[in-house]
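A closer look at the structure
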Amino acid sequence: MSFPEMRPRRLRTTPAMRRMVAEHRLHPADLILPAFVREGIDEPVPIGSMPGVVQHSVASLRKAAAEAAEAGVSGIMLFGVPADGKKDAVGSPGTDPDGILQAGLRAVRAEVGDALVVMSDLCLDEVTDHGHCGVLDERGRVDNDATLERYAEMAVVQAEAGAQVLGPSGMMDGQVGHVRRALDAAGHQDVALLAYTAKYASAFYGPFREAVNSSLRGDRKTYQQDAPNAREALRELELDLAEGADLVMVKPGLPYLDILRTVADASPVPVAAYQISGEYAMVEAAAERGWIDRERAIEETLTAFLRAGADLVLTYWATEYAQRLGAAGA
């Protein structure tokens, strides 16, 4: 009988052996927690399509931020959910210094100081009555350049509320450069920009729209990227870097691991992946039905992002997983 000369299984024999030769290791510092803060509530409101995730009150947001910091998570990305009656065509809550996102930013900075990198979503979709990521023109189309002006105003307000990193997520042409100039002119040169460089129009955003009480009518295919296109992501990367992006992102995560690998190979700045609401919801739903092992699925999906080249991962499991890592190392 002929036997194999090479036996790779030798390095898989025990948990200790597998751990020793692991090529990628998740660390709490790799993780960023996305969080929602909602106006006008005193207690957290569960999000039905995202079991375990809530719309926070300002008070519960402070607690969640403290827990994330204690677990060693690197950052928290805030999304504001204003009262429906305050939304309008130009997203006025986004530039109101007392708007809910700005209130959340101030509360988190007061709670954790610099123990977490405090980030904010820079977009209009949560604060407009039409739910689009920009200002609409007379024909109902998103007006790119008018939207840039709103982003610039929002950026300064968010920076003044304490945001250390802004995430321009609307996929408007020129958004990174326009926001960078506005921040610098207002004296916020140290506020960094996490560019949503490759953000695809995706079916996996559905639960997020519940999370932010979205008013969207129609879709976002005229400004978010089209799923069949890969080379386009490199063009977006080149533009964002030229405009001054400090970090870049690929979103969604798992359906676009090939894009993540391509961007990571080309990027001279740190690369983030966003494990979005639909990805989270699928794992939670399958685990609830007993179809998959929840903890193993979480670890496997998060590891996939590192293996594909991500330096950072935005995930709703950030605190939970960081706590698990801490317990394992204790």
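Residues numbered from 1 in each chain as written. Predicted model: local features only at pLDDT ≥ 70, side-chain atom pairs only at ≥ 80, totals over all residues. Heavy atoms only, no water.

1. Some words on the packing of aromatic side chains
To keep things clear, this is the line we draw: Aromatic contacts are taken between Phe, Tyr and Trp rings whose centres are within 6.5 Å, Trp giving its six-membered ring; a plane angle under 30 degrees counts as stacked, one over 60 as edge-to-face, and the others as tilted. By the criteria applied, helices consist of DSSP H or I runs no shorter than four residues and strands consist of E runs no shorter than two, each listed in order from the N terminus. Per-residue accessibility, obtained with a 1.4 Å probe over protein chains only, is compared with the maximum for each type, and a residue is labelled buried under 20%, exposed over 50%, and partly exposed between these values.
Across all of its chains, the model carries eight aromatic pairs by this definition. Between Phe36 and Phe79, the aromatic rings sit 5.6 Å apart at their centres with planes inclined by 35 degrees, giving tilted as the arrangement. With Phe36 in strand S1 (residues 31-38) and Phe79 in strand S4 (residues 75-81), this residue pair connects regions lying 43 residues apart in the sequence. A single burial state applies to Phe36 and to Phe79, both of which are buried. Taking the centre distance of 6.1 Å and the plane angle of 50 degrees together, the rings of Tyr274 and Tyr316 count as tilted. Of this pair, Tyr274 sits in strand S9 (residues 271-274) while Tyr316 sits in the loop between strand S10 (312-314) and helix H11 (318-329); the two residues are 42 residues apart in sequence, bridging distant segments of the chain. Ring pairing ties together the aromatic residues Phe36, Phe79, Phe208, Tyr274, Tyr280, Tyr316 and Trp317, which thus form one cluster.

2. Comments concerning the nonpolar core
Note the threshold: Nonpolar cores are built from buried Ala, Val, Leu, Ile, Met, Phe, Trp, Tyr and Cys residues. Side-chain atoms within 4.5 Å join them into one set. The contact criterion used throughout is that any non-hydrogen atoms of two residues lie within 4.5 Å.
Grouped together as the largest cluster of nonpolar side chains are 94 residues, with contacts concentrated most on Phe36, Ile76 and Tyr151. Not counting residues up to four positions away in its chain, the partners in contact with Ile76 are Ile32, Leu33, Ala35, Leu61, Ala65, Val108, Leu116, Val117, Val118 and Met119.

3. Observations concerning the side chain of Thr315
Position of Thr315 among the secondary structure elements: in the loop between S10 and H11. The class of Thr315 is buried, set by a relative accessible area of 0%. Look past the residues within four positions of Thr315 in its chain and what remains in contact with it is Leu31, Ile32, Leu33, Pro34, Gln275 and Leu302.

4. As for unusual backbone geometry
Of note, the amide linkage connecting Lys251 to Pro252 takes the cis form, showing an omega dihedral of -5 degrees. In this structure, Pro252 sits in the loop between strand S8 (247-251) and helix H8 (257-266). Residue Met171 is not a glycine yet carries a positive backbone phi of 60 degrees. Considering the arrangement of structural elements, one finds Met171 in the loop between strand S6 (165-168) and helix H5 (175-185).

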